[in-house]
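Remarks on the overall topology
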Amino acid sequence: MPTDTSHPAGADVPAHTPAEHDTHPGSQPALQVQDLVYSYGERRALDGVSFDVAPGEIFGLLGPNGSGKTTLFSILSTLKRPQGGSAHIFGLDVTGAADRVRAVLGVAFQHPSIDPQLTCTENLHHQGHLYGQRGSALATRSAELLERFGLADRAGDRAGTLSGGMQRRLELAKTLLHQPRILVLDEPATGLDVSARGLLWEDLKRLQGETGVTIVLTTHLMQEADRCDRLAVMNRGKIAVIGSPAALKDEIGGEVLHIEAESPDVLAVDIQKRFGHEVTAVDGEVRLEDARAHRLVPELIEAFPGRVRSVRISPPTLEDVFLHATGHTFHEEESDSPANGKSA
Ligand code: ADP
Ligand code: MG
């Protein structure tokens, strides 16, 4: 069941269902998605997806390969028309006033769309022309953006000579040229190494703080999802759960015991019988969630002599959240996915 328990600190927005916004005209969501449906032939890629995003949030769509993220992204960025349901960006229907939607929307695809042969400045000017910008205003805005993203000294260099991280920043600069109110980014950190990813996130947070822009991004990386204000966890075209990363983790309890054993399936059943705890055997280990799981360790070892190889205790992670909400691991889902290896 999707739950929507929290908003970023300071955002005075009560828990709500999308429909309730109609009665609160002052709190128009930046993005409102209701019952979206999209199929490719027989294959249902989006199966009734609903959520909304408050202005100024960084909202993540976390899901394994094939869960429908890019399809959803394509609808939000006006490239695909939904076959059912609706999506509104600051009250504008994405299927209706496409020009007005595009004016408030900045879009970055999973594969960067900058031209490697053009210089950084030329890439931005090119984009500006697409949005009807010209002359000194465009030149000033481009220079400001290159400055903001630490690319001022590379302004005259061909984009193809930039590092992967710099290309991503140029891509972001490009999406911001027409001062959109909402950015929609498909897997922005894919292909970046850990440090470039860190810099990208610094940029996103700074943008959020300085401009109040709303950011909606897709990811299949837990570390990235952990940095979002709120998340919708996607699985097989549906939303499994929604909330802030902290709230989602809190909901599933205080501690997770990971028990390594010779026969995890058998041990899981035996633990459940003996202690009455909900346990699962996944990825070759037994997992047990409990507010005070550490207290069970001595009992467990004594009850099953020789059968427990090792025990590890961790706070719950988004992996655990995914497992809890879907009944299978994120990793399992990725390898089972029909889209595995061919999804864009
Ligand atoms: P994600 O971005 O989360 O990997 P996608 O939206 O790309 O997910 O894919 C969702 C589902 O739709 C997958 O099962 C995928 O195989 C299928 N799909 C995506 N694009 C196409 C397409 N062009 N034709 C047919 N099936 C597609
Ligand atoms: Mg994708």
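Please read all numbers here as calculations on a predicted model, not as lab measurements.

Before going further, it helps to spend a moment on the overall build of the protein. In terms of regular secondary structure, the protein is built from 12 helices and 14 strands. A total of 344 residues make up the protein; the buried ones form 51% of that total. Taking as baseline every contact in the protein between residues at least 6 positions apart, the subset at least 24 positions apart corresponds to 70%. For the protein, the exposed surface amounts to about 15900 Å²; the carbon and sulfur share of it is 50%.

Quick look at the confidence of the model for the protein now. Chain-level pLDDT for the protein is 88 on average; 90% of the residues reach the 70-or-more range. Counting contacts from residues 1-25, a segment whose pLDDT is below 50, to residues more than four positions away or on other chains yields 42 contacts. Confidence over residues 339-344 falls short of pLDDT 50; this stretch has nine contacts with residues more than four positions distant or in other chains.

This part takes up the packing of aromatic side chains. Enumeration over the complete set of coordinates arrives at five aromatic pairs. Relative to Phe 59, the ring of Phe 51 has its centre 5.0 Å away and its plane inclined at 5 degrees; by these criteria the two rings are stacked. In this pair, the class of Phe 51 matches that of Phe 59, namely buried. Aromatic side chains Phe 73 and Phe 109 sit 5.7 Å apart centroid to centroid with 80 degrees between the ring planes, which places their arrangement in the edge-to-face category.

Looking now at the pairing of strand 2 (residues 43-53). With eight bridges connecting them, strand 1 (residues 31-40) and strand 2 associate as antiparallel partners. In the strand pairing of strand 2, Gln 32 is matched with Asp 52.

Attention now goes to the side chain of Glu 224. Among the secondary structure elements, Glu 224 is positioned in helix 7 (residues 222-225). Notably, Glu 224 is buried but unbridged: the nearest opposite-charge side chain belongs to Arg 197, and the N-O separation is 5.7 Å.

Turning to the nonpolar core, a few remarks are in order. One finds Leu 170 and Leu 204 to be the most contacted residues of the largest nonpolar core, which totals 45 residues. Those residues in contact with Leu 204 that sit more than four places away from it in its chain are Ile 58, Leu 172, Leu 185, Ile 215 and Leu 217. The next biggest cluster of nonpolar side chains, apart from the first, holds 30 residues, and it includes Val 49, Leu 61, Leu 76 and Ile 242.

As a further point, take the sheet that holds strand 14 (residues 308-314). Strand order in the open sheet formed by four strands is 12-13-11-14, with antiparallel pairing between adjacent strands. Lying at the two open borders of the sheet, with one neighbouring strand each, are strand 12 (279-282) and strand 14. In this sheet, neighbouring strand axes are inclined to one another by 25 degrees on average, regardless of whether the strands run parallel or antiparallel. Summarising the sheet, strand 11 (residues 255-261) and strand 14 pair through six bridges and their orientation is antiparallel. Paired with Leu 257 across the two strands is Ile 313, which belongs to strand 14.

This part covers the pattern of salt bridges. Any two side chains of opposite charge can pair, given that their charged atoms come close. By the definition in use, this model includes 15 salt bridges. The closest approach of N and O atoms between Arg 169 and Asp 203, which form a salt bridge, is 3.8 Å. Pair noted here: Arg 169 is in helix 5 (residues 164-176) and Asp 203 is in helix 6 (residues 194-211), with a separation of 34 residues, a long-range link. Each of the two residues, Arg 169 as well as Asp 203, counts as buried.

Scoring rules and cut-offs
- Residues numbered from 1 in each chain as written.
- Chains lettered and ligands numbered in written order.
- Predicted model: local features only at pLDDT ≥ 70, side-chain atom pairs only at ≥ 80, totals over all residues.
- Heavy atoms only, no water.
- Helix = DSSP H or I, 4+ residues; strand = E, 2+ residues; numbered from the N terminus.
- Buried < 20%, exposed > 50% of the residue type's maximum accessible area, 1.4 Å probe, protein only.
- Contact = heavy atoms within 4.5 Å.
- Areas by Shrake-Rupley, 256 points an atom, 1.4 Å probe, with all protein chains shown as cover.
- pLDDT = per-residue confidence, 0-100.
- Phe/Tyr/Trp six-rings, centres within 6.5 Å; stacked < 30°, edge-to-face > 60°.
- Pairing = 2+ DSSP bridges.
- Lys, Arg positive; Asp, Glu negative; His and termini not counted.
- Salt bridge = Lys/Arg side-chain N within 4 Å of Asp/Glu carboxyl O.
- Core = buried A, V, L, I, M, F, W, Y, C linked by side-chain atoms within 4.5 Å.
- Axes fitted to C-alpha atoms, helices over the stretch in contact; angles between N-to-C directions.

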